Amino acid sequence: VFFGLDPGERLSARAWINPVYAFLTPCLGGLVFGLVSAYITRKRGTEVDPIEANALHGGRMSLRGSLIVAAQTVWSSGVGASVGLEAGYTQFASGVASVIGRAFRLRRADMRVLVGCGSAAAIAGAFGAPLAGAFYAFELVIGTYSIASLAPVGIAALVGYLTARTFAPLTLGIEANAVADVTVHDVVIAAGVGLLAAMVGILLMRSVAACERLFTRMRIAPEWRPMIGGSVVGLLAIITPQVMSSGHGAMHLTGIFKLPIEMIALIFVLKIVASIISLGSGFRGGLFFASLLLGALGGQLFATGFSAIVPGIHIDPDAYAIIGLSALSVSVIGGPLTMTFIALETTGDLWLTTAVLIAAIISMQVTREFFGYT
């Protein structure tokens with residue numbers, strides 16, 4: 001509605017947006033978001049997310065607070081801020097699960113599993129990947145694997161996937177050519193992608209924190225920060241709309257990887273800047289889907305650059321888009337098996353998934369060594 005899109009059209013899939021809409025919508029949307037969020041924070045404080053709820057509160061979450069976070073996330077992405085929706089739907093699904101658990105007076109351990117079930121179902125439904133949804137819950141929300149949690153989390157992820165597929169079939173929108181075999185040089189190259197992805201991920205996370213500190217040092221009140229951040233995103237969107245919102249449209253835009261390499265590099269850089277300023281200025285959302293898009297673009301850039309430097313070795317840019325997508329997301333979000341299963345369920349290519357796993361492990365270890373927790 002705000003950007004005048006046709007029904008079913010994605011914001012980040014547009015080749016052009018009216019500059020007036022591109023600038024004013026995130027600017028004024030950020031102003032509304034900042035004022036309302038400041039009021040909510042004074043009244044309720046900061047809401048607990050599923051990971052924090054399981055780590056510190058025995059899975060206890062507020063349903064009203066979860067609704068607030070979901071609404072903030074929808075608004076942030078809807079006005080064009082470069083944030084993902086996953087924070088909203090995992091928060092809401094886990095909040096519902098927590099309320100159900102309290103109604104049945106479940107034990108602390110069972111509450112934690114049930115909150116994980118909510119997150120698993122949400123991720124599985126959103127990404128069309130039940131295995132990835134289950135391991136998202138294991139690795140990020142519950143924090144451990146156990147025989148007792150395997151059945152409920154797995155069933156929740158499967159039901160979430162089947163429900164979403166029934167009403168609105170969704171995929172990540174990236175297709176990779178089949179990889180017949182993974183040779184030694186493929187594994188080494190994938191490890192290099194994991195190393196580079198970790199460096200980009202660390203830079204991205206440190207930059208978000210630096211942006212927050214910059215707003216604090218400038219003594220800009222929290223309620224005005226999203227308006228400033230939205231203005232910057234709006235200016236970037238005038239150059240390319242692919243920087244806006246979560247990036248689903250850009251990810252589904254099959255022609256994006258057929259663009260000139262200079263354009264892919266420009267989108268890559270501007271999307272990083274837009275994500276940093278969106279989160280740093282206070283918009284609500286996650287970096288999950290942004291890191292998927294950035295990783296896919298980065299994988300394309302890596303493959304093109306590698307082929308130019310080492311012309312004797314051909315590597316498939318589409319395959320390395322999947323490898324880069326997974327490696328960067330592991331650095332930012334965590335969950336190497338989660339991202340490995342997303343790659344497997346997206347492509348159906350077991351050999352490609354082997355290279356993804358190598359890149360994900362390298363990315364995770366380098367990030368933990370030089371940054372800490374994701």
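Just so we're clear, the structure is a prediction, and the values are computed from it rather than from any experiment. Counting restarts for each chain: residues are numbered from 1 in the order of the written sequence. Residue-level local features of this predicted model are given only where pLDDT is at least 70; pairs of side-chain atoms are given and counted only at 80 or more, and the full residue set underlies all totals for whole chains, interfaces and linings. As a rule here, side-chain values come from all non-hydrogen atoms in the structure, and water together with hydrogens is ignored.

**Some details on the overall build of the chain**
Along its length, the chain carries 15 helices and 0 strands. We compute the radius of gyration from the C-alpha atoms alone; for a globule the expected value is 2.2 Å times N to the 0.38, where N is the number of residues. Rg of the C-alpha trace for the chain: 20 Å, near the compact-globule value of 21 Å for 374 residues, within the 12% margin. When a residue's accessible area, from a 1.4 Å probe over protein chains only, is under 20% of the maximum for its type it is buried; when over 50% it is exposed; and in between it is partly exposed. Residues counted as buried form 51% of the 374 residues belonging to the chain. Residues are treated as being in contact if the distance between any of their heavy atoms lies within 4.5 Å. Across the chain, the fraction of contacts at a sequence separation of at least 24, relative to all contacts at a separation of at least 6, is 77%. Exposure was quantified through the Shrake-Rupley algorithm and a 1.4 Å probe, taking into account, for residues, occlusion by the shown protein chains and nothing else. A total of about 16800 Å² of accessible surface is found on the chain, and carbon and sulfur atoms cover 68% of it. Secondary structure counts use DSSP, requiring at least four H or I residues in a row for a helix and at least two E residues in a row for a strand, with both numbered from the N terminus.

**Details of the pattern of salt bridges**
The term salt bridge refers to a side-chain nitrogen of Lys or Arg lying within 4 Å of a carboxyl oxygen of Asp or Glu. Applying the stated rule across the entire model yields 1 salt bridge. Between Asp 110 and Arg 107 there is a salt bridge, with the nearest N and O atoms lying 3.2 Å from each other. Look at Arg 107 and you get exposed, because its relative accessible area is 61%.

**As for unusual backbone geometry**
In this model, Arg 105 sits at a positive phi of 55 degrees, which is unusual for a non-glycine residue. Here Arg 105 lies in the loop between α4 (86-103) and α5 (108-127). Of the residues examined, Arg 105 reaches a relative accessible area of 76% and is grouped as exposed. One non-glycine residue, Arg 219, adopts positive backbone phi at about 55 degrees. Here Arg 219 is to be found in the loop between α8 (184-217) and α9 (225-239).

**Some remarks on the packing of α5 against helix α7 (residues 147-167)**
Interaxial angle, 0 to 180 degrees, is taken between N-to-C directions of lines fitted to C-alpha atoms, where a helix line uses only the stretch in contact. One way to put it is that α5 packs onto α7 with a least axis distance of 7 Å and a crossing angle of 30 degrees. The pairing of α5 with α7 is recorded here as roughly parallel in orientation. In terms of crossing hand, the pair formed by α5 and α7 is right-handed. Contacts between α5 and α7 pair Val 113, Cys 117, Ala 120, Ala 121, Ala 124 and Gly 125 from the former with Ser 149, Pro 152, Val 153, Ala 156, Ala 157, Gly 160, Tyr 161 and Ala 164 from the latter. By the convention adopted, Pro, Cys, Tyr, Trp, Phe, Met, Ile, Leu, Val and Ala count as nonpolar, Lys, Arg, Asp and Glu as charged, and the other residues, Gly among them, as polar. Partitioned by chemical class, the residues of the contact of α5 with α7 number 11 nonpolar, 3 polar and no charged. Here is the rule for angles: anything less than 35 degrees is roughly parallel, anything more than 145 is roughly antiparallel, 65 through 115 is roughly perpendicular, and the remaining ranges are oblique. Should the near helix be turned anticlockwise from the far one by less than a right angle, the crossing is left-handed, and should it be turned clockwise, the crossing is right-handed.

**Observations concerning the packing of aromatic side chains**
Put simply, two rings from Phe, Tyr or Trp (the six-membered ring, in Trp's case) pair if the centres are within 6.5 Å, and we call them stacked under 30 degrees between planes, edge-to-face over 60, tilted for the rest. Evaluated as defined, the whole model comprises 11 aromatic pairs. Between Phe 135 and Phe 138 the ring centres are 5.7 Å apart and the planes differ by 80 degrees, which places this aromatic pair in the edge-to-face class. Here Phe 138 and Phe 135 lie together in helix α6 (residues 130-142), a separation of 3 residues that amounts to about one turn. Both residues of the pair, Phe 135 and Phe 138, belong to the buried class. Aromatic pair Phe 302 and Phe 306: ring centres 5.9 Å apart, planes at 25 degrees, arrangement stacked. Placement of the pair is Phe 302 and Phe 306 together in helix α12 (residues 288-309), with a separation of 4 residues, close to one helical turn. Both residues of the pair, Phe 302 and Phe 306, belong to the buried class. Three or more aromatic residues joined by ring pairs make a cluster, and in this case those are Phe 127, Tyr 136, Phe 288 and Phe 289.

**Notes on a nonpolar patch on the surface**
Taken together, Leu 63, Leu 67, Phe 92, Val 96, Ile 100, Phe 104 and Leu 106 make up a surface patch of nonpolar side chains, about 590 Å² in accessible area. Of all the secondary structure elements, the ones that give two or more residues to the nonpolar patch are α3 (63-78) and α4. A total of 3 residues in the nonpolar patch trace back to one element, the largest contributor, which is α4. Considering the arrangement of structural elements, one finds Leu 63 in helix α3. Exposure remark for Leu 63: the relative accessible area of 32% places this residue in the partly exposed category. The patches described consist of residues with a relative accessible area above 30% and no salt bridge, like charges being joined within 9 Å and nonpolar side chains (Val, Leu, Ile, Met, Phe, Trp, Tyr) within 5 Å.

**Digging into the side chain of Arg 225**
Tracing the backbone through its elements, the reader meets Arg 225 in helix α9. No salt bridge is formed by the buried Arg 225. Its closest oppositely charged neighbour is Glu 212, at 7.6 Å. Here a polar contact is taken to be a pair of N or O atoms separated by no more than 3.5 Å, where protein atoms must pair a possible hydrogen donor with a possible acceptor and residues adjacent in sequence count only if both atoms sit in side chains. For Arg 225, the side chain forms a polar contact with the main-chain oxygen of Ile 220, separated by 2.8 Å. Aside from chain neighbours lying at most four places away, what touches Arg 225 is Phe 215, Thr 216, Ile 220 and Ser 281. Only four residue types enter the charge count, namely Lys and Arg as positive and Asp and Glu as negative; His and the chain termini do not.

**Digging into α5**
Since the α-helix turns once every 3.6 residues, residues separated by three or four places project in the same direction. What a helix is expected to span follows from its residue count: subtract one and scale by 1.5 Å. Here α5 is 20 residues long and its end C-alpha atoms lie 29 Å apart, about the 28 Å a rise of 1.5 Å per residue gives. Two residues or fewer after α5 comes Gly 128, characterised by a positive phi angle close to 65 degrees.

**A short note on the state of the cysteines**
Counting rule for disulfides: a pair of cysteine sulfur atoms within 2.5 Å. Inspection of the entire model under this criterion finds 0 disulfides. With no disulfide of its own, Cys 27 lies closest to Cys 211 among cysteine sulfurs, the gap being 16 Å. With a relative accessible area of 11%, Cys 27 lands in the buried category.

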